[in-house]
Amino acid sequence: MPYAPSPTDRALPPIRINLLSDTQTRPTPSMREAMARAEVGDEQIGDDPTVNLLCERVADLLGKEAAVFMPSGTMCNVAATLAHCRPGDEILAERTAHLIAREGGAHAALGGFQIMPLDGVDGQFTLETLRAALRPPTRYQPPQTLVSAEQTANLGGGTVWPRARLADIAALAYQHGIATHMDGARLMNACVATGVPAREMAAGWDSAWIDFSKGLGAPVGAVIAGSTGFVDEVWRWKQRLGGAMRQAGVCAAACLHALDHHVARLAEDHANATALARGLSRIEGITVQEPQTNLVFFAPSDVALSADALVAALRVHGVLLATMDGRIRACTHLDVTAAMIDDTIALVREILRGA
Ligand SMILES: *Cc1c(COP(=O)(O)O)cnc(C)c1O
């Protein structure tokens, strides 16, 4: 049950241009050197100096007391809801949120939580929508204990939640005694696109994490931050989920390298996404959502060619992409060049001409 076309399907030509996801980045030679040089220890007993350094840096970056290294972003979301909520609790999130449809039902399976999907535009709900969804506590309704937001909103088109909206949501949740969680899989993209520091984006939010295996280009890892008490709880769940590691400094070294060398360059990914969207929008028969960061959602507007058929036709030419909820998502990253963007635009034009 794959969720995307196989990059290794041997019946097809090799992939020349990989726009499937920013998870497709390969560690650079200098990142691999940093990994080889890493000082390591036993992460599970808090004894890996490189992991500890990474956690200190991310806690500082996000303006929180403490942080913990996790094997994946999904485990950050899962351990966070487990730390914030109790069985039977309700979590509020926008209806396209990763934690609703892309985490294998973990929050229900492991936590016994239910998620209230909020209506939104471009992956974001408003303060008013949240306010309308909040209920005074009663005996017969589930306790509402957590609000979650995705910065950037993946299925929303990589859109950036404005800092003011995030602050207002955190304040409203706080008034109601509800905790707040920021899924920051692409938080650094939002920061680079707007110039707003990460600690300001996450200000007032009880927990926030960043992924290193996406646009930051590391092979594995994510770091979640919050209060010392929250991080202790997350550590407990990380252990229970089997996520505690050993000489994880090898991986943390890649993440530190990414913090030093791969944050500012996200602007290149955003420029490539803008160029892709501009080129595609000039092709008759294609509708494009204007990108704000590194994700470009588009679709054929003509019924003669489906989104899946266009993806299949591009794959034959060595371009890898996938459909997501009916539209095509192209993702720019470290291993995507401006020339590849030009090639992709030309190919789409050619395919539509022949369709
Ligand atoms: C990718 C992603 C995750 C999960 O991160 P992994 O590191 O792939 O487990 C969570 N939320 C969002 C918005 C994502 O895009």
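Right above here is the structure, for reference.
Everything quoted here is computed from the prediction, not taken from an experiment.

## Thoughts on the site of the ligand
The local shell around the ligand holds 15 residues, among which G73, T74, D183, D211 and K214 are the closest. In the environment of the ligand, an oxygen atom lies 2.8 Å from a nitrogen or oxygen atom belonging to the backbone of G73. Contact distances for the ligand include 3.2 Å between an oxygen atom and a side-chain N or O atom of N154. Isolated, the ligand exposes 380 Å² of accessible area, and the fraction of that covered by the protein chains is 88%. Looking at the shell around the ligand, the elements that each hand over two or more residues are α3 (73-84) and β7 (207-211). Broken down by element, the residue count for the shell around the ligand peaks at 3 residues, all from α3. Here the shell around the ligand is composed, by residue class, of 2 nonpolar, 7 polar and 6 charged.

## Examining the state of the cysteines
Summed over the entire model, instances satisfying the criterion amount to 0 disulfides. Not part of a disulfide, C251 finds its nearest cysteine sulfur in C255, a span of 7.1 Å. On the basis of relative accessible area, C251 is assigned to the partly exposed category, the value being 21%.

## Regarding the nonpolar core
What tends to happen in soluble globular proteins is that the nonpolar side chains get buried as a cluster. Grouped together as the largest cluster of nonpolar side chains are 55 residues, with contacts concentrated most on L54, F69, L130 and F212. For this core, the element with the highest residue contribution is helix α11 (residues 249-261), accounting for 6 residues. Excluding its chain neighbours within four sequence positions, the residues that come into contact with L130 are L92, L118, F125, V147, I169 and L172. The next biggest cluster of nonpolar side chains, apart from the first, holds 26 residues, and it includes I286, V296, V311 and I345.

The rules behind these values
Residues numbered from 1 in each chain as written. Predicted model: local features only at pLDDT ≥ 70, side-chain atom pairs only at ≥ 80, totals over all residues. Heavy atoms only, no water. Near = heavy atom within 4 Å. Polar contact = N/O pair within 3.5 Å; in protein donor to acceptor, adjacent residues only side chain to side chain. Areas by Shrake-Rupley, 256 points an atom, 1.4 Å probe, with all protein chains shown as cover. Helix = DSSP H or I, 4+ residues; strand = E, 2+ residues; numbered from the N terminus. Nonpolar A, V, L, I, M, F, W, Y, C, P; charged D, E, K, R; others polar. Disulfide = S-S within 2.5 Å. Buried < 20%, exposed > 50% of the residue type's maximum accessible area, 1.4 Å probe, protein only. Core = buried A, V, L, I, M, F, W, Y, C linked by side-chain atoms within 4.5 Å. Contact = heavy atoms within 4.5 Å.

So yeah, pure geometry; function would need other evidence.
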